[in-house]
Amino acid sequence: ILNKLNVITNFLFWSKCSDPEWCLISKNLKDHVVLIWYWKLWHIISTFLEKNKIEYVVLDNDIQTYKNWKKELKPIIFWNASQSNTLKSVNIEDAQTVFISIWKSEKLFLVASAVRKMNIKWNIIIKANNDDEKNLLKDLKIKNIIVETEKTAKAMYKKMKKNEK
């Protein structure tokens with residue numbers, strides 16, 4: 001419990017930051033991007049967003065990722081993204097896009113369901129780990145699903161074919 005209180009205290013302290021660009025609590029985010037879990041992919045996507053001056057916020061429940069991003073003054077929140085109050089706390093209703101990438105199938109479906117239940121009309125893009133996940137997510141009527149292994153395999157095959165010529 002004390003460990004969790006430390007995280008909450010750190011978050012509240014950080015949310016009162018003097019840097020208005022990353023101060024999430026006192027700021028009304030609008031037309032931003034929400035990135036949910038799996039930090040390696042977010043690190044790359046956040047770089048693209050920053051270069052194009054697009055505001056974003058990351059929701060992650062990995063304590064080490066949270067601490068690392070917080071040190072870099074990145075906009076990250078340590079909370080459970082499957083809860084509607086967490087999603088509302090990052091003004092998800094006003095987001096232009098939500099990216100979801102979670103390695104565990106059960107958690108991926110749980111978070112995708114929570115996001116979908118909010119009935120918000122914006123772009124949801126999910127990275128699925130396999131075709132089975134993609135088929136489950138289609139039941140939620142989410143159109144933008146990328147199967148990581150499929151896309152990677154196609155790209156690798158194209159490179160191989162290009163090198164044969």
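As shown above, the structure is provided for reference.
Thresholds applied
- Residues numbered from 1 in each chain as written.
- Predicted model: local features only at pLDDT ≥ 70, side-chain atom pairs only at ≥ 80, totals over all residues.
- Heavy atoms only, no water.
- Phe/Tyr/Trp six-rings, centres within 6.5 Å; stacked < 30°, edge-to-face > 60°.
- Lys NZ or Arg CZ within 6 Å of the ring centre and 35° of its normal.
- Axes fitted to C-alpha atoms, helices over the stretch in contact; angles between N-to-C directions.
- Helix = DSSP H or I, 4+ residues; strand = E, 2+ residues; numbered from the N terminus.
- Parallel < 35°, antiparallel > 145°, perpendicular 65-115°, else oblique.
- Left-handed = near helix turned anticlockwise from the far one by under 90°.
- Contact = heavy atoms within 4.5 Å.
- Nonpolar A, V, L, I, M, F, W, Y, C, P; charged D, E, K, R; others polar.
- Pairing = 2+ DSSP bridges.
- Buried < 20%, exposed > 50% of the residue type's maximum accessible area, 1.4 Å probe, protein only.
- Salt bridge = Lys/Arg side-chain N within 4 Å of Asp/Glu carboxyl O.
- Expected span 1.5 Å × (residues − 1).

A.B. asks: I tried to follow the packing of aromatic side chains on my own but got confused; where do I start?
C.D. replies: To describe a pair of aromatic rings, one takes the distance between the centres and the angle between the planes. Overall, the coordinates contain 0 aromatic pairs when judged by the stated rule. Its end group placed over the ring of Trp 37, Lys 107 keeps NZ or CZ at 5.8 Å from the ring centre. A cation sits over an aromatic face here: Lys 127 above Trp 103, 4.4 Å from the ring centre.

A.B. asks: Just checking my understanding: could you explain the packing of helix 5 (residues 105-117) against helix 6 (residues 131-138) for this structure?
C.D. replies: With their axes 11 Å apart at the nearest point, helix 5 and helix 6 run at an angle of 25° to one another. As summarised for this structure, helix 5 and helix 6 are arranged roughly parallel, according to the angle between their axes. In the crossing of helix 5 with helix 6, the sense of the turn from one axis to the other is right-handed. Across from Ser 105, Leu 108, Phe 109 and Ala 112 in helix 5, the residues of helix 6 making contact are Glu 133, Leu 136 and Leu 137. Of the residues in the contact of helix 5 with helix 6, the class split is 5 nonpolar, 1 polar and 1 charged.

A.B. asks: Got a minute to help me understand the sheet that holds strand 3 (residues 76-78) in this structure?
C.D. replies: Reading across from one edge, 3-2-1-4-5-6 is the order of the 6 strands in this open sheet, with parallel pairing throughout. Each edge of the sheet is formed by a strand with only one pairing partner; in this case those strands are strand 3 and strand 6 (144-147). Looking at each pair of strands side by side, their axes are set apart by 15° on average, direction ignored. Bridge analysis of strand 1 (residues 33-36) against strand 2 (residues 56-60) gives 4 bridges, and the strand direction is parallel. Directly across from Val 34, in strand 2, lies its bridge partner Val 57. Across the sheet, helix 5 is in contact with strand 1, strand 4 (97-101) and strand 5 (123-128); its angle to strand 5 comes to roughly 175°.

A.B. asks: What should I look at first to understand the environment of Phe 109 in this one?
C.D. replies: Here Phe 109 is to be found in helix 5. The spacing of Phe 109 and Glu 133 is 24 residues in sequence and 8.0 Å in space, taken between C-alpha atoms. For Phe 109, the residues in contact, after removing those within four places along its chain, are Leu 136, Leu 137 and Leu 140.

A.B. asks: Mind showing me how you'd approach the pairing of strand 1 here?
C.D. replies: It is a general feature of regular strands that their side chains alternate between the two faces of the sheet. Of the two faces of strand 1, the one holding Val 33 and Leu 35 and the one holding Val 34 and Ile 36 are both buried throughout. Where strand 1 meets strand 4, 4 bridges bridge the pair, whose relative direction is parallel. What sits directly across from Val 34, in strand 4, is Val 98.

A.B. asks: Explain the pairing of strand 2 to me, please; I cannot follow it from the model alone.
C.D. replies: Counting buried positions along strand 2 gives 5 out of 5 residues, so the element sits mostly inside the fold. In the sheet, strand 2 pairs with strand 3 via 3 bridges, with the strands oriented parallel. Opposite Val 58, over in strand 3, you have Ile 76 as the bridge partner.

A.B. asks: What should I look at first to understand the pattern of salt bridges in this one?
C.D. replies: Pairs can form between side chains of opposite charge whenever their charged atoms are close. Per the counting criterion, the structure on display carries 1 salt bridge. Across the pair Glu 148 and Lys 127 runs a salt bridge, and its minimum N-O distance is 3.6 Å. Of this pair, Glu 148 sits in helix 7 (residues 148-164) while Lys 127 sits in strand 5; the two residues are 21 residues apart in sequence, bridging distant segments of the chain. Classification of Lys 127 by relative accessible area gives buried; the value is 9%.

A.B. asks: What is the right way to read helix 5 from this model?
C.D. replies: Because each turn of an α-helix spans 3.6 residues, side chains separated by three or four positions end up pointing in the same direction. For helix 5, with 13 residues, the first-to-last C-alpha span of 18 Å sits near the 18 Å given by 1.5 Å per residue. Buried residues of helix 5: Leu 108, Val 111, Ala 112, Ser 113, Ala 114 and Val 115, and no others. In this structure, the buried side of helix 5 is in contact with strand 1, helix 4 (84-89), strand 4, strand 5 and helix 6.

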